Amino acid sequence: SKNENLRRRLKSSLNSSSFDNASGPTCDVVLSAFLSEVQRMHPAAPFTMRKIEQNSNKCPLEYNNDPKTDGIDMGDGFGCIPPGFLVTYAIAGTLKDDAETYPDPGTFNLDRWL
């Protein structure tokens, strides 16, 4: 580990025989926080895709004259995404770097998850 304090903290948590909250976060909580921060900093994939399913939502009539049309309403006048459409959105470079959600986003900090 490049961060000796983090390595010691993780090792201490993993070696702990106590799994109660009396002495602080438990091993599984610290390990979960560590893994969440690893995934935030280094996503497994740069983007993800989802297919819009049938009956996922009803689009308002202003986007389509057929009230039975399924799809996802994008809101704010952006229209609807029809069923069967693949939506792709970026993870790397967007969500993980959001300073409003993750203060000091360039710093590895597992405490943000505890």
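Nothing here was measured: the structure is a model prediction, and the numbers come from that model. (Residues numbered from 1 in each chain as written. Predicted model: local features only at pLDDT ≥ 70, side-chain atom pairs only at ≥ 80, totals over all residues. Heavy atoms only, no water.)

J.: In this structure, what is going on with the environment of Ile52? I would like to understand it.
T.: Checked against the element boundaries, Ile52 lands in the loop between strand S1 (47-51) and strand S2 (72-73). Residue Ile52 is classed as buried on the basis of its relative accessible area of 12%. Look past the residues within four positions of Ile52 in its chain and what remains in contact with it is Gly71, Ile72, Ile81, Pro82, Pro83, Gly84, Phe85 and Val87. (Helix = DSSP H or I, 4+ residues; strand = E, 2+ residues; numbered from the N terminus. Buried < 20%, exposed > 50% of the residue type's maximum accessible area, 1.4 Å probe, protein only. Contact = heavy atoms within 4.5 Å.)

J.: Sorry if this is basic, but what is going on with a nonpolar patch on the surface here?
T.: A cluster of nonpolar side chains, namely Leu14, Leu31 and Leu35, defines an oily patch on the protein surface of about 230 Å² accessible area. Position of Leu14 among the secondary structure elements: in helix H1 (residues 4-15). (Patch = residues over 30% accessible without salt bridge, like charges linked within 9 Å, V, L, I, M, F, W, Y side chains within 5 Å. Areas by Shrake-Rupley, 256 points an atom, 1.4 Å probe, with all protein chains shown as cover. Salt bridge = Lys/Arg side-chain N within 4 Å of Asp/Glu carboxyl O.)

J.: Is there a simple way to think about the nonpolar core in this case?
T.: Note on soluble globular proteins: their nonpolar side chains tend to be buried together. Counting residues in hydrophobic clusters, the biggest one holds six residues: Leu6, Leu10, Val30, Ala33, Phe34 and Leu110. Elements supplying a minimum of two residues to this core: H1 and helix H2 (27-41). Sorting elements by how many residues they give to this core places H2 first, with three residues. (Core = buried A, V, L, I, M, F, W, Y, C linked by side-chain atoms within 4.5 Å.)

J.: For this particular structure, what's the right way to read the pattern of salt bridges?
T.: A side chain with one charge may pair with a side chain of the opposite charge, provided their charged atoms come close. Counting across every chain of the model gives five salt bridges. With its nearest N and O atoms 3.6 Å apart, the salt bridge here joins Glu4 to Arg8. Linking Glu4 with Arg8, this pair stays in helix H1, spanning four residues, or about one helical turn. Taking the shortest distance from any N to any O, the salt bridge between Arg40 and Glu37 comes out at 2.9 Å. One end of the pair, Arg40, and the other, Glu37, are both in helix H2, three residues apart, so they sit about a helical turn from each other. The same class applies to Arg40 as to Glu37, namely buried.

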